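# Structural overview
Below, each chain spelled out in residue letters.
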Amino acid sequence: MESKNYHEDLSHIRSMMERSSRFISLSGLSGVFAGISAIIGAMYVFFVFKREGIDYFDGDRNVFTKDLVQELFIIGIVILISALVSGYIFTASKSRKKGLKIWDATTRRLLVTFTIPLVTGGLFCLILLKHHLFVFIAPVTLIFYGLALISAERYTLTDLKYLGYCQIILGLISCLFLGWGLIAWTIGFGVLHIVYGWSMHKKYK
């Protein structure tokens, strides 16, 4: 009987330590919604290309006007905001169900470690835009996003690092096949997010 209580106490202590050191309320459904948003955004970009008379799959090097680049940039920002808002909503809901705080010292550490690589990658993309090196933007976003996920993994679900590895590998492959960045972007931010998000939802629900 004493041995049983001892093991229960150890399990309780481990659970408390995990709650205090890791943000465990990250919702898998937020990943699913982010992936769906990315795929919808990619479909809209294809529509924009068609409207501008650009055949993305013909293999030709296309010239983007300044207005088109600005429109694509706005589309990317809208997708990012929708993913962040949905992530907060799903995660806040999961935190309430678990009786956990959504904002504490662990959350702050998570955001810092996640934001530094992400902001660095964003600034690098702006430099690429300035020099009209559009073809490298998709690979760079995938690589830096992957680095951000791996960096943040120490403060949240350990499975997050595997999504990060996949994003980095996909970004590097995209560097070898320049001009197909939108496809890689759709796979990375769309398909991989949905697969990862749904598997995490099933695993930790």
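Refer to the structure above for everything that follows.
Residues numbered from 1 in each chain as written. Predicted model: local features only at pLDDT ≥ 70, side-chain atom pairs only at ≥ 80, totals over all residues. Heavy atoms only, no water.

Along its length, the protein chain carries seven helices and zero strands. The secondary structure elements of the protein chain, listed N-terminal to C-terminal, are α-α-α-α-α-α-α. The 205 residues of the protein chain split such that 37% are buried. In the protein chain, the share of contacts with a sequence separation of at least 24, taken over all contacts with a separation of at least 6, comes to 74%. (Helix = DSSP H or I, 4+ residues; strand = E, 2+ residues; numbered from the N terminus. Buried < 20%, exposed > 50% of the residue type's maximum accessible area, 1.4 Å probe, protein only. Contact = heavy atoms within 4.5 Å.)

Moving on to the nonpolar core. Formed by 26 residues in total, the largest nonpolar core has its most connected members in F49, L182, W185 and F189. Examining the composition of this core, we find that six residues originate from one element, helix α7 (residues 181-204), more than from any other. Not counting residues within four places of it along the chain, the set of residues in contact with F189 comprises A34, G35, A38, T141, L142, Y145 and Q167. Formed by five residues, the second largest nonpolar core is a distinct cluster that contains L128, I137, V140 and F144. (Core = buried A, V, L, I, M, F, W, Y, C linked by side-chain atoms within 4.5 Å.)

Tracing the backbone through its elements, the reader meets S37 in helix α2 (residues 28-51). S37 sits in the buried class, given a relative accessible area of 12%.

A word on unusual backbone geometry. The phi torsion at H132 lies on the positive side, around 60 degrees, for a residue other than glycine. As for its placement among the helices and strands, H132 is situated in the loop between α4 (105-130) and α5 (137-152).

A few words now on α2. An ideal rise of 1.5 Å per residue puts 34 Å on 24 residues; α2 measures up with 35 Å between its terminal C-alpha atoms. In the stretch just after α2, G53 is the one whose phi turns positive, near 75 degrees. (Expected span 1.5 Å × (residues − 1).)

Another aspect to go through is the packing of α4 against α5. Relative orientation of the contacting elements α4 and α5 amounts to 170 degrees, with a least axis distance of 8 Å. By the angle between their directions, the pair α4 and α5 is classed as roughly antiparallel. Taken as a pair, α4 and α5 cross one another with a handedness that is right-handed. Contacts between α4 and α5 involve L110, T113, F114, P117, L118, T120, G121, F124, C125, L128 and L129 from the former and I137, V140, T141, F144, Y145, L147, A148, L149, S151 and A152 from the latter. When the residues that make up the contact of α4 with α5 are grouped by side-chain class, the tally is 16 nonpolar, five polar and no charged. (Axes fitted to C-alpha atoms, helices over the stretch in contact; angles between N-to-C directions. Parallel < 35°, antiparallel > 145°, perpendicular 65-115°, else oblique. Left-handed = near helix turned anticlockwise from the far one by under 90°. Nonpolar A, V, L, I, M, F, W, Y, C, P; charged D, E, K, R; others polar.)

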